[in-house]
Amino acid sequence: WLDRCFEAHRRPHDQNLFPIVQGGLDVSRGGLRDICLAGFRERDDKAPGYAIGGLAGGESKDDFWKVVDHCCRALPDTKPRYLMGVGYPLDLVVCTALGVDMYDCVYPTRTARFGVALIDGEAPGTLRLKSHACSEDYRIIMHGCKCMA
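Worth saying up front: this structure is predicted, and the values here are computed from it rather than measured.

Colleague: When you look at the overall build of the protein chain in this model, what are you seeing that I'm missing?
Modeller: The number of helices and strands found in the protein chain is 5 helices and 6 strands. For a compact globule of 149 residues, the expected C-alpha radius of gyration is about 15 Å, and the protein chain comes in at 20 Å, more than 25% above that figure. Counting only residues that meet the buried cut, the protein chain has 30% of its 149 residues in that class. A sequence separation of at least 24 residues applies to 46% of the contacts in the protein chain between residues at least 6 apart. Counting every atom, the protein chain has about 10,100 Å² of accessible surface; 56% of that belongs to carbon and sulfur. Computing the positive centroid from 19 side-chain charges and the negative centroid from 20, the protein chain places the two 3 Å apart.

Colleague: What should I look at first to understand the side chain of Thr111 in this one?
Modeller: As for its position among the elements, Thr111 is in helix α5 (residues 107-113). Residue classification places Thr111 among the buried positions, given a relative accessible area of 8%. From its side chain, Thr111 meets the backbone oxygen of Tyr107 in a polar contact 2.6 Å long. In this view, Thr111 contacts Val116 and Leu118; residues no more than four positions away in its chain are not counted.

Colleague: How should I be thinking about the environment of Ser28 in this particular structure?
Modeller: Mapped onto the elements, Ser28 comes out in the loop between β1 (20-21) and α2 (32-41). Overall, the relative accessible area of 38% leaves Ser28 in the partly exposed class. Along the chain, Ser28 and His70 lie 42 residues apart, while their C-alpha atoms are 9.4 Å from each other.

Colleague: Before we go on, may I ask you to explain the packing of α2 against helix α3 (residues 61-74) in this structure?
Modeller: Relative orientation of the contacting elements α2 and α3 amounts to 25 degrees, with a least axis distance of 11 Å. Comparing their axes, α3 and α2 come out roughly parallel. Crossing hand, α2 versus α3: right-handed. Counting all contacts with α2, which are made through Arg33, Asp34, Leu37 and Arg41, the residues of α3 involved are Val67, His70, Cys71 and Ala74. Considering only residue class, the contact of α2 with α3 consists of 4 nonpolar, 1 polar and 3 charged.

What counts and how
- Residues numbered from 1 in each chain as written.
- Predicted model: local features only at pLDDT ≥ 70, side-chain atom pairs only at ≥ 80, totals over all residues.
- Heavy atoms only, no water.
- Helix = DSSP H or I, 4+ residues; strand = E, 2+ residues; numbered from the N terminus.
- Rg over C-alpha atoms; globule rule 2.2 N^0.38 Å.
- Buried < 20%, exposed > 50% of the residue type's maximum accessible area, 1.4 Å probe, protein only.
- Contact = heavy atoms within 4.5 Å.
- Areas by Shrake-Rupley, 256 points an atom, 1.4 Å probe, with all protein chains shown as cover.
- Lys, Arg positive; Asp, Glu negative; His and termini not counted.
- Charge placed at Lys NZ, Arg CZ, Asp CG, Glu CD.
- Polar contact = N/O pair within 3.5 Å; in protein donor to acceptor, adjacent residues only side chain to side chain.
- Axes fitted to C-alpha atoms, helices over the stretch in contact; angles between N-to-C directions.
- Parallel < 35°, antiparallel > 145°, perpendicular 65-115°, else oblique.
- Left-handed = near helix turned anticlockwise from the far one by under 90°.
- Nonpolar A, V, L, I, M, F, W, Y, C, P; charged D, E, K, R; others polar.

Right under this line is the structure:
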C-alpha cells in the first residue's frame, strides 16, 4: 500500500506524505511494529517524515509510551516524527522527551469545548469558565491577548 501511495502522490513539493507506523502494542523483536518499520526503512528515500499511529487511546500509559519509544528509536533522527491523536498534556511532555517532533492533539479543542481556558501567568493552569465563580465575571481572560476571548 505504501508504494501505491508514493506512486499516486502528485504534489510532493506542496504536501508531505508520512507513512504511518502500525502494529498495535506489539513491540517485540520481529513483531508487527518491527515488520512495518523494516518496510519503511526500504523506502526511506521517499518519505519526508514518519507518523506513529495505531494507538486508540484505550491502552495504558506505560504501553502507549513503550510503543512511542520503540518507534522513535527505530525511526531516523534526521526526519520529523509525528504522533497521531495525543489527548493529554503529560503525553506531549513524555513523548517529546522520547523523540516525537509533531502532534495533532485533541486536548486544546476538547478542553475548550467543556468551557475551560488554558491560562498562563502567576497561577498558570486552567480556568473553568462554567464555574459559579466565573458566572458573573466579564473580565478578559488574559490581558494583552489579541484573541476574541
